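Structure assessment
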Amino acid sequence: MTITPHLLENYQQLLSSSQQMLRLVKEGQWSELINIEISYVNTVEALMRCTRDSPLSAKSIENLRPVLRQLLDNEREITLLLEKRKDELNQLINQSNRQQSLMSTYASNSGLVMVPRDI
């Protein structure tokens, strides 16, 4: 199968969405990222439908190689940045849990006077 204008347009849309997603991850714009991800997944599904019955020729794949390489590079960087964000969120959750535990302990002991006992 050769690259039809429609197919090429889908690949270009996929690359554009990928670049937008990378920018949004770097800027921490999580709500906007989700909206772009939906478009990205829809485009991937459209590409899968287009190429399922008529796979791309080796020449077509070679012509798409720069786009595919950039998509993979963007995906790798997005994944690394999302992993970093996940680690940050885990640290915040752990810190919040420790604070909640301390507050709970403090609240349960409030009003009690603790004095040392004679041994």
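What counts, and at which threshold
Residues numbered from 1 in each chain as written. Predicted model: local features only at pLDDT ≥ 70, side-chain atom pairs only at ≥ 80, totals over all residues. Heavy atoms only, no water. UniProt positions renumbered as here; feature names shortened; annotations may be inferred. Axes fitted to C-alpha atoms, helices over the stretch in contact; angles between N-to-C directions. Helix = DSSP H or I, 4+ residues; strand = E, 2+ residues; numbered from the N terminus. Parallel < 35°, antiparallel > 145°, perpendicular 65-115°, else oblique. Left-handed = near helix turned anticlockwise from the far one by under 90°. Nonpolar A, V, L, I, M, F, W, Y, C, P; charged D, E, K, R; others polar. Expected span 1.5 Å × (residues − 1). Buried < 20%, exposed > 50% of the residue type's maximum accessible area, 1.4 Å probe, protein only. Core = buried A, V, L, I, M, F, W, Y, C linked by side-chain atoms within 4.5 Å. Contact = heavy atoms within 4.5 Å. Salt bridge = Lys/Arg side-chain N within 4 Å of Asp/Glu carboxyl O.

Looking up the chain in an unreviewed UniProt entry gives the name Flagellar protein FliT, with the organism given as Izhakiella capsodis. Recorded in UniProt under Subcellular location (unreviewed entry), the annotation for the chain is "Cytoplasm, Cytosol".

**What to know about the packing of helix H1 (residues 5-27) against helix H2 (residues 30-53)**
Contact geometry of H1 with H2 gives a least axis separation of 9 Å together with a crossing angle of 155°. Compared by their axis directions, H1 and H2 come out roughly antiparallel. Crossing hand, H1 versus H2: left-handed. Across the contact of H1 with H2, the residue classes tally to 14 nonpolar, nine polar and two charged.

**Quick notes on the environment of Leu64**
Residue position: Leu64 is located in helix H3 (residues 58-109). Each C-alpha atom, one on Leu64 and one on Gln12, is 9.9 Å from the other, the two residues being 52 residues apart in sequence.

**Some details on H2**
Counted at 1.5 Å a residue, the expected span for H2 with its 24 residues is 34 Å, and the 36 Å between its end C-alpha atoms agrees. Along H2, the residues that are buried comprise Leu33, Ile36, Tyr40, Thr43, Ala46 and Leu47.

**Thoughts on the nonpolar core**
Core analysis: the biggest nonpolar cluster contains 17 residues, and Tyr11, Met21 and Leu71 have the highest contact counts within it. Looking at this core, the elements that each hand over two or more residues are H1, H2 and H3. Every residue in contact with Leu71, bar those within four places of it in the chain, is listed here: Leu14, Leu15, Ser18 and Tyr40.

**Some thoughts on the pattern of salt bridges**
Counted according to the given criterion, the structure contains six salt bridges. Notably, a salt bridge pairs Lys26 with Glu77, separated by 3.3 Å at the nearest N-O pair. You can see Lys26 sitting in helix H1 and its partner Glu77 sitting in helix H3, a full 51 residues away along the chain. In this structure, Arg65 and Glu62 form a salt bridge, with 3.0 Å as the shortest nitrogen-oxygen distance. With Arg65 and Glu62 both in helix H3, this residue pair falls three residues apart, about one helical turn.

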